[in-house]
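Summary of the model geometry
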Amino acid sequence: MKLRRSLLALCTAAAAAAALTALPFAASAQANYKPEYKMSLVVGTAFPWGKGGEIWANLVKERTQGRINIKLYPGVSLIQGDQTREFSALRQGVIDMAIGSTINWSPQVKQLNLFSMPFLMPDYAAIDALTQGEVGKDIFKTLEKAGVVPLAWGENGYREITNSKRPIRTPDDLKGLKIRVVGSPLFADTFTALGANPTQMSWADAQPAFASGAVDGQENPMSIFTAAKLQNVGQKNVTMWGYVADPLVFVVNKEVWESWTPADQAIVRQAAIDAGKQEIVIARKGLVEPGQPLLKDIEALGVNVVKLSPEQREAFVKATRPVYNKWKPTVGADLVAKAEKAIAARAK
Ligand code: X2X
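Treat the numbers as computed from the prediction; the structure is a model and nothing was measured.

Describing the packing of aromatic side chains
The final tally for this structure, using the stated rule, is 13 aromatic pairs. On the numbers, 6.3 Å between centres and 65° between planes, the contact of Phe119 with Tyr243 is edge-to-face. With Phe119 in the loop between helix H4 (102–105) and helix H5 (124–131) and Tyr243 in the loop between strand E9 (237–240) and strand E10 (245–253), this residue pair connects regions lying 124 residues apart in the sequence. According to the relative accessible area criterion, Phe119 is buried, its value standing at 10%. Seen from their ring centres, Phe191 and Trp241 are 6.0 Å apart, and the 55° between their planes marks the pair as tilted. Remark: Trp241 occurs in the loop between E9 and E10 and Phe191 occurs in helix H7 (residues 185–193); sequence separation between them is 50 residues. Over the ring of Tyr324 we find Arg321, and its NZ or CZ is 3.9 Å from the ring centre.

Examining the site of the ligand
Taken together, the residues surrounding the ligand are Val42, Trp49, Gln83, Ser101, Asn104, Asn156, Arg159, Arg180, Val182, Trp203, Asn220 and Asp246. A distance of 2.7 Å separates an oxygen atom of the ligand from a polar atom in the side chain of Gln83. Within the contact set of the ligand, an oxygen atom lies 2.7 Å away from a side-chain nitrogen or oxygen of Arg180. Compared with its free state, where it exposes 270 Å², the ligand has 100% of that area covered by protein.

Quick word on the nonpolar core
The biggest cluster of nonpolar side chains holds 91 residues, and the ones touching the most others in it are Trp56, Leu114, Met121 and Leu143. Discounting chain neighbours no more than four positions away, the residues touching Leu143 are Phe87, Trp105, Val109, Leu112, Val148, Pro150 and Val249. The next biggest cluster of nonpolar side chains, apart from the first, holds 20 residues, and it includes Ile168, Ile179, Phe191 and Val244.

Concerning the sheet that holds strand E11 (residues 304–307)
One open sheet holds the six strands; their spatial order is E7-E6-E8-E5-E9-E11, and the pairing between them is mixed. Edge positions in the open sheet fall to strand E7 (197–200) and E11, since each of these has one partner strand only. Between one strand and the next, the sheet's axes are offset by a mean angle of 25°, whatever the strand orientation. The sheet strands contacting H7 are strand E5 (160–163), strand E6 (178–181), E7 and strand E8 (217–220), and the helix crosses E6 at an angle near 160°.

Examining the sheet that holds strand E2 (residues 70–73)
Within the open sheet, the five strands sit side by side as E2-E1-E3-E10-E4. Their pairing is mixed. Looking at strand neighbours, the two that pair on one side only are E2 and strand E4 (148–158), the edges of this open sheet. When strand polarity is set aside, the average angle formed by the axes of neighbouring strands in this sheet is 20°. Two elements, strand E3 (residues 97–101) and E10, share five bridges in a ladder whose sense is antiparallel. Within the sheet, the bridge partner assigned to Ala98 lies in E10 and is Val251. Here helix H6 (residues 134–145) sits on the sheet in contact with E4 and E10, set at roughly 130° to E4. Lying on the sheet, helix H11 (residues 262–284) is in contact with E4 and E10; it crosses E4 at an angle near 5°.

Regarding H6
Between the first and last C-alpha of H6 there are 17 Å, a value that for 12 residues agrees with the 16 Å anticipated at 1.5 Å per step. Within H6, the full set of buried residues consists of Val135, Gly136, Ile139, Phe140 and Leu143. One face of H6 carries all of its buried residues, which in axial projection span an arc of 140°. For H6, exposure combined with an orientation more than 90 degrees from the buried face picks out Lys137, Lys141 and Lys145. Buried positions along H6 lie against helix H3 (86–92), H4, H5, E4, E10 and helix H14 (333–344). Gly147 sits one or two positions beyond H6 and adopts a positive phi of about 105°.

Thoughts on the pairing of E8
Of the two faces of E8, the one holding Gly217 and Glu219 and the one holding Gln218 and Asn220 are both buried throughout. Relative to E8, E5 runs antiparallel, the two sharing four bridges. Across the sheet, residue Ile161 finds its bridge partner in E8, namely Glu219. In this structure, E6 lies alongside E8, joined through two bridges in parallel fashion. Looking at the pairing, Ile179 lines up with Gly217 of E8.

Remarks on helix H2 (residues 48–63)
Note that an α-helix has 3.6 residues per turn; residues three or four places apart therefore point the same way. Over its 16 residues, H2 extends 22 Å from the first C-alpha to the last, a length consistent with the 22 Å expected when each residue adds 1.5 Å. Taken residue by residue, H2 has Pro48, Trp49, Gly50, Gly52, Gly53, Ile55, Trp56, Ala57, Leu59 and Val60 as its buried positions. One or two residues past the end of H2 sits Gln65, with phi positive at roughly 50°.

Rules and cut-offs
- Residues numbered from 1 in each chain as written.
- Predicted model: local features only at pLDDT ≥ 70, side-chain atom pairs only at ≥ 80, totals over all residues.
- Heavy atoms only, no water.
- Phe/Tyr/Trp six-rings, centres within 6.5 Å; stacked < 30°, edge-to-face > 60°.
- Helix = DSSP H or I, 4+ residues; strand = E, 2+ residues; numbered from the N terminus.
- Buried < 20%, exposed > 50% of the residue type's maximum accessible area, 1.4 Å probe, protein only.
- Lys NZ or Arg CZ within 6 Å of the ring centre and 35° of its normal.
- Near = heavy atom within 4 Å.
- Polar contact = N/O pair within 3.5 Å; in protein donor to acceptor, adjacent residues only side chain to side chain.
- Areas by Shrake-Rupley, 256 points an atom, 1.4 Å probe, with all protein chains shown as cover.
- Core = buried A, V, L, I, M, F, W, Y, C linked by side-chain atoms within 4.5 Å.
- Contact = heavy atoms within 4.5 Å.
- Pairing = 2+ DSSP bridges.
- Axes fitted to C-alpha atoms, helices over the stretch in contact; angles between N-to-C directions.
- Expected span 1.5 Å × (residues − 1).
- Arc of directions from axis to C-beta.

As structure tokens, then:
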């Protein structure tokens, strides 16, 4: 009896001692945590992209029991709407984490222009062959070297051409149209090669420019078209040409990442992977099912949707081939070759 009591006392003392040493550690780890982490996004939760951000933030909050609390900043509001500055701001710590388009970060990370090379990726299986394969791993290594922590892939989508003037079926139909393009010079080259008149502006500036008629057209995924209601700002002609698609990348600022315990890092990484998978399904909704129901919804809004025959599409491929070749060395000849090989070997 006496022995049992002293054993019990010993165990209690040991447990108390363990608690005493464990407690300050946990408390100090958490003391470094910010009350709120800022997540940058170009668009909000009405769009698949913003939904992905919401899913990621919610999963992290739930799985860390609120230790990591993420707030969404859509409209790239932490950098006054200038989406091409997002990557630098992430590196500097103005932004804690982001889901960013490869296009917006490509001025700083030239390899990301890969996805904007005209007509590189003929179908969704081709996008997956890149992001989920060796090319995706190489690009993550590049991003790590550039000073951020990449965690998972998502998707904005295939960028289709729209305009207020006329249906586009041939490169000639693009002649003279003023087309708003995103931040990478590769886009200016592509639209110049097609005879259009490209003008670079942020997404924030673009929408009033469509409304006023200052620009005639633009290119964006159909999920962006519908959520932003571009039919209401004159964009009545859509051509499904699938010339480029922009994946999204889930990343965290390096210092923020290093301030988290390994267990919390694992939670944030897995949550990004889970959110990315869900986001890709949302982004493709209505476009991968037979008959592409999303296009019927868009037609019902009074929009003319042109689908190109393989021959018609080929004319655009041909017209933009010099741009593709010009950009190969900038993107990296080895990376482009690896991507072409992965696409040729994809399971269709
Ligand atoms: O600006 C665009 O076109 C958008 C919203 O698609 C991106 O941020 C790349």
